[in-house]
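# Observations on the model geometry
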Amino acid sequence: MKTLLSNYLHGAGTLQAVRAAGDFEALCLAVREDRAGRLRWKLHRRLGLAPWTGAPGRDEYLYALAQFQADLEEAMENLCPACRERTDGARCRACGAAIPTENPDFDESRFEELKHDGSAL
C-alpha cells in the first residue's frame, strides 16, 4: 500500500530514493512543486484536519515537515528584504530583540584542551 508521501512524490522521484539519499531538500522541492498537494495541505490546515487517516507513520511526519518548510518559505517570499533579514535568527518572544547565537563565555582553548585530554576535568 502506498503511503501519502509516496503518492505525492510520484513526479519528482520515489520515496525510497529520497530516503536512500537522505535528502530532505529534495523532498521539500518535490513538495513545493506539487501544486495540487500544496492546495490539499492548505485546505486541511485551514479546516484543522490531518491529511492522512489512521495513525501517522514516519512518512506522514516527513511529509508534514516538508509541507511546514514550504509554508515557511512561502511566508518569507512575501516579505521585503529588510523584514526577511530581521526574521533570520532567534528572537525574544516578549520584546523581539535578537538572541545571540554564540556563547560569549565559550573558551575555545579550554574546549580543545578538554577535547584532546579528557582527564583535565
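In this report, we go over the structure that sits alongside the text. (Residues numbered from 1 in each chain as written. Predicted model: local features only at pLDDT ≥ 70, side-chain atom pairs only at ≥ 80, totals over all residues. Heavy atoms only, no water.)

## So, the pattern of salt bridges
For the structure on display, the rule yields seven salt bridges. Across the salt bridge formed by R45 and D71, the nearest N and O atoms sit 2.4 Å from each other. In this pair, R45 sits in helix α4 (residues 35–47) while D71 sits in helix α5 (residues 58–77), placing the two residues 26 residues apart along the sequence. Ionic pairing is found between E113 and R110, a salt bridge with its closest N-O pair at 3.0 Å. With E113 and R110 both in helix α7 (residues 108–116), this residue pair falls three residues apart, about one helical turn. Note on E113: relative accessible area 42%, which makes it partly exposed. (Salt bridge = Lys/Arg side-chain N within 4 Å of Asp/Glu carboxyl O. Helix = DSSP H or I, 4+ residues; strand = E, 2+ residues; numbered from the N terminus. Buried < 20%, exposed > 50% of the residue type's maximum accessible area, 1.4 Å probe, protein only.)

## As for the packing of aromatic side chains
This structure, assessed with the given rule, holds three aromatic pairs. On the basis of an interplanar angle of 85 degrees and a centroid distance of 5.3 Å, the ring pair of W41 and F68 is categorised as edge-to-face. Placement of the pair is W41 in helix α4 and F68 in helix α5, with a sequence separation of 27 residues. By relative accessible area, which is 4% here, W41 ends up buried. (Phe/Tyr/Trp six-rings, centres within 6.5 Å; stacked < 30°, edge-to-face > 60°.)

## Digging into the packing of helix α3 (residues 24–33) against α5
Geometrically, a packed helix pair is captured by the angle between its two axes and the distance between the axes. With their axes 9 Å apart at the nearest point, α3 and α5 run at an angle of 70 degrees to one another. When the interaxial angle is binned, α3 and α5 end up roughly perpendicular. Viewed along their axes, α3 and α5 form a crossing whose handedness is right-handed. Of the residues in α5, those touching α3 at F24, L27, C28, V31 and R32 are L62, Y63, L65, A66, Q67, Q69, A70, E73, E74 and E77. The residue inventory of the contact of α3 with α5, partitioned by class, reads nine nonpolar, two polar and four charged. (Axes fitted to C-alpha atoms, helices over the stretch in contact; angles between N-to-C directions. Parallel < 35°, antiparallel > 145°, perpendicular 65-115°, else oblique. Left-handed = near helix turned anticlockwise from the far one by under 90°. Contact = heavy atoms within 4.5 Å. Nonpolar A, V, L, I, M, F, W, Y, C, P; charged D, E, K, R; others polar.)

## Digging into the packing of α4 against α5
With their axes 11 Å apart at the nearest point, α4 and α5 run at an angle of 90 degrees to one another. Accordingly, the angle class assigned to the pair α4 and α5 is roughly perpendicular. Contacts between α4 and α5 pair G37, R38, W41, K42 and R45 from the former with Y63, A64, Q67, F68, A70, D71 and E74 from the latter.

What is shown is where atoms sit, not what they do.
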